Amino acid sequence: LEQARRPSVIWLSFQECTGCTESLTRSHSPTVESLILGQISLDYHHTLQAAAGSAAEHAREEAMKENYGKYLLIVDGSIPLGNPGYSTIAGISNKDMLLETAKGAAAIVAVGTCAAYGGIPKANPNPTGAVAVSDLIKDKPIINVPGCPPIPVVITGVLAHYLTFGTIPELDAVGRPKVFYGETIHDRCYRRPFYDKGLFAESFDDEGARKGWCLFKLGCKAPVTYNACATTKWNAGTSFPIQSGHGCIGCSEPNFWDMGGFYKA
Ligand code: SF4
Ligand code: F3S
């Protein structure tokens, strides 16, 4: 990574909650500081850039012009097609900005389940007509890095891979790098021995929950969720949802919000 050129990166944020950027800033290896100050030229990012207003838009236009065909485009958030006015930046609809910025990109990384699959904005009844990046862009390589948000080191790990090798990692059927999304969380869960023995917590405060038994009967969706939470964990390897006592809600899977991953009345 040290020897790689500092490529231009343009980060567009559409219908999102800034959780993906929050997550990015928690990466410990590589850190976001080492990425921004040493490895990439982050030419546009609403939350992290110093410029604002027309100066910010000018920076994006200049970066596109100077690095046409070479820059990496990162997107978080879904794109509303229901009405262009639902979400705009500098008076430009998300759709138009995506189409315009994607044209000169070498590749696109869709960070977060919203950019990768539509995410929470797309949840039934999808009031804004939200779609994913891959629904609109068909002629560029796209790497999906889903999660709500994605794991910090998974975001930076995917970026480091691309910047070092200049290639797209091997992807699964829904566009995720297999190195991070190749196994289910259930495959690597430390509670798995309890699952295999049929020992399940039946409520969040029963004896089984206190003993750390399997959370499957409390709705854990990890048997069908592909992500690295049980191996990389979160907060520099400290913990992950299941370790803190709650089942996985499947946040790295397409349509997770509507797939029974949440509580129902
Ligand atoms: Fe599998 Fe979830 Fe049980 Fe862990 S808590 S063993 S991921 S069902
Ligand atoms: Fe998301 Fe499940 Fe990991 S809810 S954060 S994929 S444990």
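Values in this document were obtained by computation on a predicted structure and should not be read as measured data. (Residues numbered from 1 in each chain as written. Chains lettered and ligands numbered in written order. Predicted model: local features only at pLDDT ≥ 70, side-chain atom pairs only at ≥ 80, totals over all residues.)

Novice: Lay out the overall build of the chain in plain terms, naming residues and giving numbers.
Specialist: When helices and strands are tallied, the chain shows 13 helices and nine strands. For the chain, whose C-alpha radius of gyration is 19 Å, the value lies close to the compact-globule estimate of 18 Å for 265 residues. C-alpha atoms of the chain, sized along the principal axes, occupy 60 × 45 × 30 Å. A total of 265 residues make up the chain; the buried ones form 43% of that total. Counting only contacts in the chain whose residues sit at least 6 apart along the sequence, the fraction spanning at least 24 positions is 72%. (Helix = DSSP H or I, 4+ residues; strand = E, 2+ residues; numbered from the N terminus. Rg over C-alpha atoms; globule rule 2.2 N^0.38 Å. Buried ≥ 20, exposed ≤ 12 C-beta atoms within 10 Å, placed from the backbone. Contact = placed C-beta atoms within 7 Å.)

Novice: Outline the site of ligand 2, supporting the account with residue identities and numerical values.
Specialist: Near ligand 2, the surroundings consist of 13 residues, among which Asn227, Cys229, Pro241, Cys248 and Cys251 are the closest. Here the shell around ligand 2 is built from residues that sort into eight nonpolar, five polar and no charged. (Near = placed C-beta within 6 Å. Nonpolar A, V, L, I, M, F, W, Y, C, P; charged D, E, K, R; others polar.)

Novice: Can you lay out the UniProt feature "domain: Cytochrome-c3 hydrogenase C-terminal" (unreviewed entry) in the chain for me, pointing to particular residues and giving the numbers?
Specialist: Taking the numbering used here, the UniProt-annotated feature "domain: Cytochrome-c3 hydrogenase C-terminal" (unreviewed entry) corresponds to residues 181-259. In residues 181-259, the share of helix is 24% and the share of strand is 0%. The end C-alpha atoms are 19 Å apart. (UniProt positions renumbered as here; feature names shortened; annotations may be inferred.)

Novice: Mind laying out the domain arrangement of the chain, listing which residues take part and the relevant values?
Specialist: Under the domain assignment, the chain is made up of domain 1 (8-180) and domain 2 (185-258). Put simply, the middle of domain 1 and the middle of domain 2, counted by C-alpha atoms, are 28 Å apart. In this complex, domain 1 contributes 16 residues to the contact, which on the side of domain 2 involves 15 residues. Looking at the side of domain 1 that touches domain 2, the elements that each hand over two or more residues are α5 (112-117) and α8 (152-165). Each residue belonging to the side of domain 1 that touches domain 2 can be placed in one class, and the counts come to ten nonpolar, four polar and two charged. (Domains from an automatic or database assignment.)

Novice: Tell me what's going on with the site of ligand 1, and back it up with residues and numbers.
Specialist: Surveying the vicinity of ligand 1 reveals 14 residues, the closest of which are His186, Cys189, Cys214, Cys220 and Ala222. Contributions of two or more residues to the shell around ligand 1 are made by α10 (185-188) and α11 (192-197). Within the shell around ligand 1, the residues separate by chemical class into ten nonpolar, two polar and two charged.

Novice: With reference to specific residues and values, describe the sheet that holds strand β1 (residues 8-13).
Specialist: Ordered by their spatial adjacency, five strands build an open sheet running β2-β1-β3-β7-β9, and the pairing between neighbours is parallel. In this open sheet, the two strands that pair with only one neighbour each are β2 (41-44) and β9 (142-145). Going across the sheet, the axis of each strand differs from the next one's by a mean of 25°, ignoring polarity. With six bridges joining them, strand β3 (residues 71-76) and strand β7 (residues 105-111) adopt parallel strand pairing. For Asp76, the partnering residue across the bridge sits in β7 and is Val111. (Pairing = 2+ DSSP bridges. Axes fitted to C-alpha atoms, helices over the stretch in contact; angles between N-to-C directions.)

Novice: Give me the nonpolar core: which residues, what numbers.
Specialist: Leu73, Val75, Ile108, Val109 and Ala110 are the most contacted members of the largest nonpolar core, which totals 70 residues. With seven residues, the top contributor of residues to this core is α8. Summarising the domain contributions, this core has at least three residues from each of domain 1 (8-180) and domain 2 (185-258). Discounting residues that sit within four places of it in the chain, Val75 has contacts with Leu12, Phe14, Leu98, Ile108, Ala110, Val111, Ala115 and Val133. (Core = buried A, V, L, I, M, F, W, Y, C linked by C-beta atoms within 7 Å.)

Novice: Please set out unusual backbone geometry residue by residue, giving values where relevant.
Specialist: Cis rather than trans, the peptide bond between Ser29 and Pro30 has omega equal to -5°. Counting through the fold element by element, Pro30 comes out in the loop between α1 (19-24) and α2 (32-39). Residue Pro149 follows Cys148 across a cis peptide bond; omega there is 0°. As for its placement among the helices and strands, Pro149 is situated in the loop between β9 and α8. Backbone geometry at Ala90 places phi at a positive 55°, although glycine is not the residue there. Inspection of the secondary structure assignment puts Ala90 in the loop between β5 (88-89) and β6 (92-93).

Novice: Quick one: what's the story with the environment of Tyr162, residue by residue and with numbers?
Specialist: With respect to the helices and strands, Tyr162 occurs in helix α8. Accessibility expressed as a C-beta count within 10 Å gives 22 for Tyr162, which makes it buried. As a C-alpha pair, Tyr162 and Leu72 span 90 residues in sequence and 9.2 Å in three-dimensional space. Not counting residues up to four positions away in its chain, the partners in contact with Tyr162 are Leu72 and Ala107.

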